[in-house]
Amino acid sequence: AGAVLHSHSQSAVLVTFLYQDVFTLTGIEMLKGILKGYGKKTSTHKLGPNARALKNTETLVVPIIDNTEKEIDLTRSMAEAMEKYPDANAVLVRGHGVYIWGPTWEKCKMQTECYDYLFEMAVKLEQLGLRKQFIGVQ
């Protein structure tokens, strides 16, 4: 990745308690700000040939891993999540936050803002009892 950002966003932490192994969301316009296909498979700072923006009708899938006492101990479960979900460019850490990566710091920052919006939206949808309408399919 060209850049990686880590956030302790309250919304990111909250969704890790609302979802089990993966966070999913569909039907929200801000999904268009998330890159699909720029994951572990891409070893350069450039977008791979299959990378593109998500459509708001597609389902965003972000793996959730359990937290550890030391960040260095997240390495194995983070690598496994990246391998299992190669189209993902974020991993949520339960009770901790989120790691997001992209080809440049600008794209990574843009995605971080989109993810935070989407996580907050999911929390609000849960509060309104509407989450099941926006979970999508994996």
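Please refer to the structure placed before this passage.
A. Seen up close, the packing of aromatic side chains. The final tally for this structure, using the stated rule, is three aromatic pairs. Here Tyr19 and Phe23 contribute two aromatic rings whose centre-to-centre distance is 4.9 Å and whose plane-to-plane angle is 65 degrees, an arrangement assigned as edge-to-face. The rings of Tyr19, Phe23, Tyr115 and Phe119 are connected pair by pair, giving a single aromatic cluster. Above the face of the Tyr19 ring, Arg131 is positioned so that its terminal group lies 4.6 Å from the ring centre.

B. The arrangement of the pairing of strand S6 (residues 90-93) in detail. Burial of S6 is two-sided: the residues Ala90 and Leu92 facing one way and the residues Val91 and Val93 facing the other way are all buried. Bridge count between strand S5 (residues 60-65) and S6: two bridges; the pairing is parallel. Across the sheet, residue Ile65 finds its bridge partner in S6, namely Val93. Crossover S5 to S6 through helix H2 (residues 75-84) is right-handed. Here four bridges tie S6 to strand S7 (residues 97-102), and the two strands are oriented antiparallel to one another. Note that in S7 the partner of Val91 across the bridge is Tyr99. The hairpin formed by S6 and S7 contains three residues between the paired strands, and Gly95 there has a positive phi angle of roughly 70 degrees.

C. Spatial organisation of the packing of helix H1 (residues 10-18) against helix H3 (residues 105-127). Interaxial distance between H1 and H3 falls to 8 Å at its minimum, and their mutual angle equals 50 degrees. As far as their axial angle goes, H3 and H1 are oblique. The chirality of how H1 crosses H3 is left-handed. Here H1 contributes Ser11, Ala12, Leu14, Val15 and Leu18 to the contact with H3, which in turn contributes Asp116, Phe119, Glu120, Ala122, Val123 and Glu126.

Cut-off values and rules
- Residues numbered from 1 in each chain as written.
- Predicted model: local features only at pLDDT ≥ 70, side-chain atom pairs only at ≥ 80, totals over all residues.
- Heavy atoms only, no water.
- Phe/Tyr/Trp six-rings, centres within 6.5 Å; stacked < 30°, edge-to-face > 60°.
- Lys NZ or Arg CZ within 6 Å of the ring centre and 35° of its normal.
- Buried < 20%, exposed > 50% of the residue type's maximum accessible area, 1.4 Å probe, protein only.
- Helix = DSSP H or I, 4+ residues; strand = E, 2+ residues; numbered from the N terminus.
- Pairing = 2+ DSSP bridges.
- Right-handed = clockwise from strand over helix to strand, strands pointing away.
- Axes fitted to C-alpha atoms, helices over the stretch in contact; angles between N-to-C directions.
- Parallel < 35°, antiparallel > 145°, perpendicular 65-115°, else oblique.
- Left-handed = near helix turned anticlockwise from the far one by under 90°.
- Contact = heavy atoms within 4.5 Å.

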